[in-house]
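# Descriptive structure summary
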Amino acid sequence: MFLASMILLLVMLTLSFVTLLAFSQAAANGGFENPQATAESIFDEAEPIGEPTDPNLIKKYDS
Amino acid sequence: MTVEIQSEPVTPDEAEQRKQESIERRLEIDRAARWPVGIFIGSSLVWLLFGSLLAIAASIKMHDPEFLADNPWLTFGRVRPAHLNTVAYGWLSTAGIGIGLWILSRLCQVPIREQQSLTLAAVLWNLGNAVGTWGILRGDSTAVEWLEYPTYAAPFLLISFTFVMLAAFRMIRNRPPGHIYISQWYIMAGFVWLPALYFTAHGLLVLAPVQAPAQPPINWWYAHNVLGLWFTPIGLEAIYYLIPKIIGKPIHSYYLSIIGFWSLAFFYAWNGMHHLIGGPYPAWLITVSVVASIMMFIPVITVAINHHMTMVGNFRALRYSPTLRFVVFGAMSYTLVSFQGSITAIREVNYVTHFTHYTIAHSHLGAYAFASMVYFGAIYYIMPRLLEREWPSRWLIRFHFWPSAIGISIYFFILSWGGIVQGMAMNLSDTPFMEIVAATIPYLKWRTIGGTLMTIGHLSIFISFFWMVFDRRYRGAEPTLFSTKTPETPAPLPYP
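All of these numbers come straight from a predicted model, not from anything done at the bench. (Residues numbered from 1 in each chain as written. Chains lettered and ligands numbered in written order. Predicted model: local features only at pLDDT ≥ 70, side-chain atom pairs only at ≥ 80, totals over all residues. Heavy atoms only, no water.)

## Examining the packing of aromatic side chains
Residue and element names in this part refer to chain B. Threshold: Under the pairing criterion, centres of Phe, Tyr and Trp rings, with the six-membered ring standing for Trp, must be within 6.5 Å; the plane angle then separates stacked pairs below 30 degrees from edge-to-face pairs above 60, leaving the rest tilted. Whether a charge sits over a ring depends on NZ of Lys or CZ of Arg being within 6 Å of the ring centre and within 35 degrees of the ring normal.
Per the stated rule, a full pass over the model turns up 34 aromatic pairs over all chains. An aromatic cluster is built from Trp91, Phe326, Phe329, Tyr368, Tyr375, Phe376, Tyr380, Trp391, Phe401 and Trp402, whose rings are joined through pairwise contacts. Against the face of Tyr381 rests Arg385, its NZ or CZ located 3.7 Å from the ring centre.

## Structural notes on the side chain of Ser183 of chain B
Residue and element names in this part refer to chain B. Going by this rule: A run of DSSP states H or I qualifies as a helix once it reaches four residues; a run of E qualifies as a strand once it reaches two. Both are numbered from the N-terminal end. Partly exposed residues are those whose accessible area sits between 20% and 50% of the maximum for their type, while under 20% is buried and over 50% is exposed, using a 1.4 Å probe and protein chains only. In protein, a polar contact means a hydrogen-donor-capable atom and an acceptor-capable atom, both N or O and within 3.5 Å, with residues adjacent in sequence counting only if both atoms are side-chain atoms; elsewhere, any N or O pair within 3.5 Å suffices. By definition, residues are in contact when any of their heavy atoms lie within 4.5 Å.
Along the polypeptide, Ser183 turns up in helix α5 (residues 182-207). In this structure Ser183 comes out as buried when scored by relative accessible area, which is 0%. Side-chain polar atoms of Ser183 contact the backbone oxygen of Glu237, separated by 2.8 Å. When near neighbours in sequence (up to four residues on either side) are disregarded, Ser183 contacts Ile103, Leu107, Glu237, Tyr240 and Tyr241.

## A short note on helix α2 (residues 76-108) of chain B
Residue and element names in this part refer to chain B. Stated precisely, the cut-off is as follows: Given a helix with a known number of residues, its expected span is that number minus one, times 1.5 Å. Two axes enter the bend calculation: one fitted to the seven residues ending at the residue in question, the other to the seven starting there, and the bend is the angle between them.
Taking 1.5 Å of rise per residue, 33 residues should cover 48 Å, and α2 covers 45 Å from first to last C-alpha, within 8% of that figure. The sharpest bend along α2 measures roughly 30 degrees and falls at Thr86. Within α2, 29 of the 33 residues are buried, leaving the element largely enclosed by the surrounding structure. Gln109, located one to two residues past α2, shows a positive phi value of around 55 degrees.

## Section: the packing of α2 of chain B against helix α12 (residues 357-387) of chain B
Residue and element names in this part refer to chain B. We apply this condition: Only the stretch in contact is used when fitting a helix axis, every axis being a line fitted to C-alpha atoms; angles between N-to-C directions are given from 0 to 180 degrees. Angles below 35 degrees are treated as roughly parallel, those above 145 as roughly antiparallel, those between 65 and 115 as roughly perpendicular, and all remaining angles as oblique. A crossing counts as left-handed when the near helix is turned anticlockwise from the far one by less than a right angle, and as right-handed when that turn is clockwise. Throughout this entry, Asp, Glu, Lys and Arg are counted as charged residues, while Ala, Val, Leu, Ile, Met, Phe, Trp, Tyr, Cys and Pro are counted as nonpolar. The remaining residues, Gly among them, count as polar.
Between α2 and α12, the least distance of the axes is 10 Å, while the angle of their chain directions is 40 degrees. Classified by the angle between their axes, α2 and α12 sit oblique to one another. Seen from above, α2 lies across α12 with left-handed handedness. The residue inventory of the contact of α2 with α12, partitioned by class, reads 15 nonpolar, four polar and three charged.

## Focus on the side chain of Asn350 of chain B
Among the secondary structure elements, Asn350 of chain B is positioned in helix α11 (residues 347-353). With residues near it in sequence (within four places) discarded, Asn350 of chain B still touches His274, Ile277 and Thr344 of chain B.

## What to know about helix α10 (residues 322-344) of chain B
Given a rise of 1.5 Å per residue, 23 residues ought to cover 33 Å, and the 33 Å separating the end C-alpha atoms of α10 of chain B matches this to within 8%. Across the 23 residues of α10 of chain B, 17 count as buried, placing the element largely inside the fold.

## Let's talk about the environment of Ala121 of chain B
Residue and element names in this part refer to chain B. Mapped onto the elements of the fold, Ala121 is located in helix α3 (residues 115-137). On the basis of relative accessibility, which here comes to 0%, the residue Ala121 falls in the buried class. The sequence separation of Ala121 and Pro36 amounts to 85 residues, and the corresponding C-alpha distance is 8.4 Å. Sequence-distant contacts of Ala121, that is, excluding residues within four places in its chain, are made with Phe40, Ser160, Phe163 and Val164.

## Quick look at the nonpolar core
Residues and elements named next belong to chain B. The following threshold applies: Only buried residues count toward a nonpolar core, which is a set of Ala, Val, Leu, Ile, Met, Phe, Trp, Tyr and Cys residues joined through side-chain atoms within 4.5 Å.
By size, the foremost hydrophobic cluster in this structure holds 141 residues, and its most contacted members are Leu101 and Trp146. Take this core: its biggest share by element is 19 residues, from α12. In this view, Leu101 contacts Val37, Phe40, Ile112, Leu118, Val164, Met171 and Phe191; residues no more than four positions away in its chain are not counted. Counting residues in each nonpolar core, the second largest holds seven residues, with Met273, Leu276, Leu285 and Ile286 among its members.

## Topic: the confidence of the model for chain A
All names here are of chain A. Basically, it comes down to this: The predictor's confidence in any single residue is recorded as pLDDT, a number from 0 to 100.
In this model, chain A carries a mean pLDDT of 73, and residues with pLDDT of at least 70 account for 67%. Least confident of the elements in chain A is helix α3 (residues 55-62), whose mean pLDDT is 50; most confident is helix α2 (residues 35-40), at 89. Across residues 58-63, where pLDDT falls below 50, the model places twelve contacts with residues more than four positions away in sequence or in other chains.

## Considerations on a nonpolar patch on the surface
The condition is simple: Excluding any residue in a salt bridge, patches collect residues exceeding 30% relative accessible area, merging like charges within 9 Å and nonpolar Val, Leu, Ile, Met, Phe, Trp and Tyr side chains within 5 Å. Each accessible area is a Shrake-Rupley estimate made with a 1.4 Å probe; only the visible protein chains count as cover when residues are assessed. For salt bridges, the criterion is a side-chain nitrogen of Lys or Arg within 4 Å of an Asp or Glu carboxyl oxygen.
Taken together, the side chains of Ile301, Ile305, Met309, Val312 and Phe315 of chain B make up a nonpolar region of the molecular surface, amounting to roughly 370 Å² of accessible area. As for its placement among the helices and strands, Ile301 of chain B is situated in helix α9 (residues 297-311).

Quick look at the structure:
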């Protein structure tokens with residue numbers, strides 16, 4: 001039981017560390033700066049803002 | 001109408017070249033994902049149908065106990081947990097892994113390189129589900145709710161999910177420097193939270209069980225968190241990706257999405273103890289959970305505002321886009337189920353609804369009206385891009401949406417009402433228990449009707465999927481529309 005508890009504690013500490021590391025890496029790399037650019041980052045030249053990606057909507061919106 | 005996101009001036013030739021490069025990159029990503037993601041999604045639909053049949057059997061048994069009662073493999077005590085586990089791990093988790101991997105690959109702009117290990121992961125994951133379900137039906141259930149799969153199913157799930165996590169971390173590590181979109185946060189969090197929850201709870205409740213009084217808090221910590229820290233992140237990442245992509249509009253506020261994510265991460269893990277209101281546990285333990293449940297209004301309101309404001313001006317798109325209709329239905333249900341969950345955690349409300357069918361209606365609102373409907377929408381979006389062909393029939397998609405939407409509505413509203421009637425009656429100490437049981441039977445029959453309608457919808461997507469995969473004569477050059485008022489000429493597909 002003690003061994004199981006220690007293993008689980010180690011797992012939880014590792015996960016907490018990974019979360020903190022991910023957060024700090026994101027912050028250091030500017031992940032929380034310029035939120036508008038991040039919101040637009042899923043669009044590109046082939047699927048730009050203003051152009052629906054559901055094929056039928058492309059036609060509907062153009063008409 | 002098109003707005004270029006590139007700020008520097010480019011010539012038309014350069015713009016066209018960039019567009020072609022972008023299309024080719026996306027094609028490479030989708031083709032790399034075809035096998036592993038396709039297997040995860042396809043097998044999840046098999047589990048969905050199987051789990052639905054188990055659900056109907058269990059539901060009929062609630063008002064007709066003699067139904068299939070002669071076969072020990074099909075008694076209520078086996079069929080009901082088999083349903084729960086096949087839909088939780090076979091359907092929702094399998095589809096969630098596939099959807100998460102595809103969206104992560106798209107957002108990281110990194111093709112999946114681990115086709116073999118992820119295909120093996122999909123096989124092992126399904127093997128784990130098959131062994132686990134077989135174990136439950138043969139009477140080997142652990143009897144721990146949400147963790148009924150016998151211990152011998154767990155290694156398959158563990159090895160499989162390790163492969164999935166390795167692939168996900170590699171994609172994150174190899175992505176181009178720059179932004180991490182909110183969907184990536186949700187996917188990675190879900191991919192870390194699920195194994196942490198599952199194997200912690202499995203260890204403490206099944207492998208090396210803690211003392212009996214400590215087991216219910218751990219059980220509810222797990223059962224509640226698997227909804228909020230696994231199904232919810234996968235559902236929300238799909239919503240945050242699909243709504244903007246489908247309508248071509250960035251999310252309303254990225255700040256709100258960040259607040260929503262971190263407040264979910266901080267508050268949700270404390271929620272499960274509100275299931276123990278009235279139980280023999282320290283008052284502070286329950287109170288902390290009630291407070292955390294009320295604090296869930298913060299992420300839910302931020303997500304609701306974000307989704308609604310993103311959709312404003314685009315609601316007419318719901319008439320045409322199958323994906324959008326499923327996803328928006330799911331997004332609205334997320335708001336409803338979360339508000340309901342917070343209110344149900346208040347002691348005065350819980351005294352009535354606890355131990356009643358109201359809780360079952362609530363869990364189906366979350367697992368089905370929210371998570372499953374979003375997953376359906378995601379599957380309708382992903383599969384044409386994976387296979388480079390369209391869905392074969394708009395009628396089948398329509399015949400999926402309406403029975404599912406009507407079915408879950410009947411299920412939720414009637415069973416919630418029945419649960420309140422049941423709870424109020426149970427709080428009257430002079431009412432004979434069997435009278436209360438008899439009074440709930442009409443509601444339980446409506447539950448079977450609702451569940452049957454949902455299963456009809458599942459049959460539709462099942463047929464659609466395998467028709468699309470195996471009928472190679474049909475290339476589907478035209479988009480699959482909901483509306484019959486289609487344009488005279490086919491609209492261009494987003495891929496060549």
